[in-house]
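Chain and residue survey
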Amino acid sequence: MKNKTLIIIVIIAATAAVLSLGIYQKRTHQINASLLQIEQLMYERPDSAWKILQHMPSISQLRKEEQALHALLFTQAQYKNYIPVKSDSLLRIAEAYYRTSNDSLHKAWTLFYLAQYYRDSDEKEKALSYFQQANIASRNIENNQFKFLLNLHWAGLLTNEDAYEKGIEKYQTANRYAILLKDTLKQINLYGKWGWCCLLKEEDERADSLFNVGLTLSATTKDRIYDKYLLNRLSLTARERKDYKRALELVNRSLSLAKDSTELYPLWGNKGKILLEMNQYDSAHFYLSKDTRDYDPYFRVSRYLDWSIYEEKIKNLPKALEYSKRYAELLDTIYQERLDSKVANLQHKYDYSLIQSENKLLKIKRQRLYISLTAICMAVLTVAVIFFYKRREEKRKLAEQMRSKDDLMKEMRLQLQEKTIDLHAAQEKIIEKETALDKELSQREKMRSEYSSKEAAMRKEILRHSEIIRKMEQLNKMSQQDKIQSRSVVLSDEEQDNLAEVINICYNNFTDRLWKKFPTLTKADISLCCLIKIGISNSNMLYLLDTNKVALKKRKNRLKHDKMGMDENDSLDEFIMEF
């Protein structure tokens, strides 16, 4: 009777498990098919793909594979429809799955969009890292479209970070894939950005050549949508060569093609700068005034700088000073806003992580609904089988345990005695080693103290023989008037280089470490840091560097904020002395 009941239970459990599995597999197949259709639609109709994705089931209801693909497609649709991506949480889901998957293409796309997200979030180091990872992931895939986009965006980020040489290499790679794609518009756009990178690198002839190639290709297209953009860039190269007549001709051609104010504003600004350099002040004033872009603080900063130059050229120095102050104040504001934006992004990520946690809990609950019946059936079957074996084994083991209990207790007592003896011996050895170690540490501390004293004396001796000390002694002997008139105390380029070498020797490779941490520092910046390191006062720096108080203060502020990224409350001198 008992055997019949057990067989009936097993049959019911197996049937329920098969039915649950069938329903689950059917639903999984339908969702996978939908996601693959959306992926195919993404390239031709990204707006339609976005609408379909918005009406799909919540990501928490999907399997891991479906979650990863859905998260990737959702983010891809946002970028293709120019919708800001405010969180990397979806991409993290895709990354977690594709990191260990053999799906190289989807893995590469995920890493690519993570790079774009961090680039837009102003986390440039992370963005560069993910571009590199995406490039590695794409080595074994044949997708020219992806490789073109990867190298194009990668090059743009490198250009923005002043890594022009590497940016040019990526543009060259992107160009190879654009040629394979036979997409003329992509090539034209690429030549414009490639030329801009060369222009920033001060390779004016190469930039001019690339812009002209792009303009030639544009002539073969129907709409010629890039002509005004390329003509304006060509005018910039002509302006750099001081060929103002050619620059004016090109910007006028570009103006004739522009249709709305968003296209005209940068052209008016460029024309105003050209006329300003040609000393045609009235015309320059007219076109600079027409560029009224003030919705972006970066545009306002550029305008304040242009007006400062204009007012200075027409000898209106008070007005020029006023614009210079506005320029400096707005730069400080932009810096503060960037800090505030980072804080807001962190808060948003925290809030979004709470939502994600709640979604994960809901997902777990739903998954339990699908597998609960199967789990119960399997559990009943497992318990039934285990019960019979366990009862028989328990009886046998109970008898063995009773017999071996006394023997085990005796053995444990003996082991405890042996371990106690070993423990005492080990404690004695530890005490001996601690005594020896304390003695060794004391000797090393004494040696370190002696070494530090010798190092300080050596540093003082080296500095005493350096040119900067001679200059300082000369300065101390001179009157205030002699200091102002004399040029003999000004440090030459060679003396500044020698100073950097001496400081490097005396302060544990100070300049090498400083350059490694802040690679954008110039030789002039390093010289200023060296003077601060050896305690030269601001008043003496004015004569050694042949400058004035205002210029020295600006140099320190640029060094502190723009190149070292320090806060307003931080002290540059304290940082250099402790570095």
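All figures in this text were calculated on a predicted structure; none of them were measured in a lab.

1. Observations regarding the overall build of the protein chain
- Along the backbone of the protein chain there are 24 helices and 0 strands.
- The burial tally for the protein chain puts 36% of its 579 residues in the buried class.
- For the protein chain, the accessible surface area stands at approximately 36500 Å², while carbon and sulfur atoms represent 55% of it.

2. Examining unusual backbone geometry
- In the Ramachandran plot, Glu-202 falls in the positive-phi region, its phi being about 65° despite a non-glycine side chain.
- Tracing the backbone through its elements, the reader meets Glu-202 in the loop between α9 (184-200) and α10 (204-218).
- Owing to a relative accessible area of 68%, Glu-202 belongs among the exposed residues under this scheme.

3. Observations concerning the state of the cysteines
- One pass over the structure, following the stated rule, counts 0 disulfides.
- Between Cys-197, a free cysteine, and Cys-198, which holds the nearest cysteine sulfur, the sulfur-to-sulfur gap is 5.8 Å.
- Cys-197 sits in the buried class, given a relative accessible area of 0%.

4. Some thoughts on α10
- Helix length check: α10 (15 residues) gives 21 Å between terminal C-alpha atoms against 21 Å at 1.5 Å per residue, within 8%.
- For α10, the full list of buried residues reads Asp-204, Ala-207, Asp-208, Leu-210, Phe-211, Gly-214, Leu-215 and Ser-218. Along the axis of α10, the buried positions cluster into a sector of 165°, meaning they face one direction only. Turned more than 90 degrees off the buried face of α10, the exposed positions are Glu-205 and Thr-216.
- Lining the buried residues of α10 we find α9 and α11 (227-240).

5. A look at the nonpolar core
- The biggest cluster of nonpolar side chains holds 87 residues, and the ones touching the most others in it are Leu-53, Phe-112, Phe-146 and Phe-148.
- Excluding its chain neighbours within four sequence positions, the residues that come into contact with Leu-53 are Ile-38, Met-42, His-70, Leu-73, Phe-74 and Ala-77.
- Within the second largest apolar cluster, 35 residues are counted, among which are Tyr-507, Leu-528, Leu-552 and Ile-576.

6. Some thoughts on the pattern of salt bridges
- Evaluation of the coordinates by the stated rule reveals 19 salt bridges.
- For Lys-124, the salt bridge goes to Glu-161, with nearest N and O atoms at 3.4 Å. Here Glu-161 lies in the loop between α7 (144-160) and α8 (164-181) and Lys-124 lies in helix α6 (residues 124-137), a separation of 37 residues in the sequence.
- Connected through salt bridges with shared partners, the residues Asp-88, Arg-92, Glu-95 and Arg-99 form a single ionic network.

7. A look at the confidence of the model for the protein chain
- In the predicted model, the protein chain carries a mean pLDDT of 78, and 82% of its residues have values of at least 70.
- In this model residues 16-29 is a low-confidence stretch, pLDDT under 50, and it forms 13 contacts with partners more than four residues away in sequence or in other chains.

8. Some words on helix α20 (residues 510-517)
- Three or more residues of α20 are buried, namely Phe-510, Thr-511 and Leu-514. Seen end-on, α20 carries its buried residues on one side only, within an arc spanning 90°.
- Elements in contact with the buried residues of α20: α19 (493-506), α21 (523-533) and α24 (572-578).

9. Quick notes on the side chain of Lys-170
- Within the secondary structure, Lys-170 sits in helix α8.
- If we ignore the near neighbours within four places in the chain, the residues touching Lys-170 are Asn-151, Trp-154, Ala-155 and Leu-158.

10. Overview of the packing of aromatic side chains
- Counting across every chain of the model gives 16 aromatic pairs.
- Between Tyr-97 and Tyr-98 the ring centres are 5.2 Å apart and the planes differ by 75°, which places this aromatic pair in the edge-to-face class.
- Aromatic pair Tyr-117 and Tyr-118: ring centres 5.2 Å apart, planes at 70°, arrangement edge-to-face. The same class applies to Tyr-117 as to Tyr-118, namely buried.
- One aromatic cluster is present, built from ring pairs that chain together Tyr-79, Trp-109, Phe-112, Tyr-113, Phe-131, Phe-146 and Trp-154.

11. Here we look at the environment of Ala-71
- Note on placement: Ala-71 falls in helix α3 (residues 64-80).
- Judged by its relative accessible area of 0%, Ala-71 falls in the buried class.
- Sequence separation of Ala-71 and Ile-93 is 22 residues, and the distance between their C-alpha atoms is 6.8 Å.

12. Considering a negative patch on the surface
- The grouping of Glu-329, Asp-332, Asp-562, Asp-567, Glu-568 and Asp-570 at the surface amounts to a negative patch.
- Note that Asp-332 resides in helix α16 (residues 317-464).

13. Examining the packing of α8 against α9
- Packing of α8 against α9 leaves a shortest axis separation of 10 Å and a crossing angle of 165°. Viewed along their axes, α8 and α9 adopt a mutual orientation that is roughly antiparallel. Considering only the axes of α8 and α9, their crossing is left-handed. Contact residues: α8 offers Tyr-164, Gly-167, Ile-168, Tyr-171, Gln-172, Ala-174, Asn-175, Ala-178, Ile-179 and Leu-181, while α9 offers Lys-186, Gln-187, Leu-190, Tyr-191, Lys-193, Trp-194, Cys-197, Cys-198 and Leu-200.

14. What to know about the side chain of Asp-525
- Relative to the elements of secondary structure, Asp-525 occurs in helix α21.
- Sequence-distant contacts of Asp-525, defined by excluding residues within four places in its chain, comprise Arg-555, Leu-559 and Lys-563.

15. Examining the environment of Ala-258
- Structurally, the position occupied by Ala-258 is in the loop between α12 (244-257) and α13 (261-277).
- Its relative accessible area of 15% is what places Ala-258 among the buried residues.
- C-alpha of Ala-258 to C-alpha of Ile-225: the two residues are 33 residues apart in sequence and 9.8 Å apart in space.
- In contact with Ala-258, not counting residues within four places along its chain, are Lys-228, Glu-263, Leu-264 and Leu-267.

16. Quick notes on the environment of Leu-35
- Looking at the secondary structure, you find Leu-35 in helix α1 (residues 2-42).
- Separated by 18 residues in the primary sequence, Leu-35 and Leu-53 place their C-alpha atoms 8.5 Å from one another.
- Non-local contacts of Leu-35, meaning those with residues more than four positions away in its chain, are made with Met-56, Glu-66, Leu-69, His-70 and Leu-73.

Rules of the game
- Residues numbered from 1 in each chain as written.
- Predicted model: local features only at pLDDT ≥ 70, side-chain atom pairs only at ≥ 80, totals over all residues.
- Heavy atoms only, no water.
- Helix = DSSP H or I, 4+ residues; strand = E, 2+ residues; numbered from the N terminus.
- Buried < 20%, exposed > 50% of the residue type's maximum accessible area, 1.4 Å probe, protein only.
- Areas by Shrake-Rupley, 256 points an atom, 1.4 Å probe, with all protein chains shown as cover.
- Disulfide = S-S within 2.5 Å.
- Expected span 1.5 Å × (residues − 1).
- Arc of directions from axis to C-beta.
- Contact = heavy atoms within 4.5 Å.
- Core = buried A, V, L, I, M, F, W, Y, C linked by side-chain atoms within 4.5 Å.
- Salt bridge = Lys/Arg side-chain N within 4 Å of Asp/Glu carboxyl O.
- pLDDT = per-residue confidence, 0-100.
- Phe/Tyr/Trp six-rings, centres within 6.5 Å; stacked < 30°, edge-to-face > 60°.
- Patch = residues over 30% accessible without salt bridge, like charges linked within 9 Å, V, L, I, M, F, W, Y side chains within 5 Å.
- Lys, Arg positive; Asp, Glu negative; His and termini not counted.
- Charge placed at Lys NZ, Arg CZ, Asp CG, Glu CD.
- Axes fitted to C-alpha atoms, helices over the stretch in contact; angles between N-to-C directions.
- Parallel < 35°, antiparallel > 145°, perpendicular 65-115°, else oblique.
- Left-handed = near helix turned anticlockwise from the far one by under 90°.

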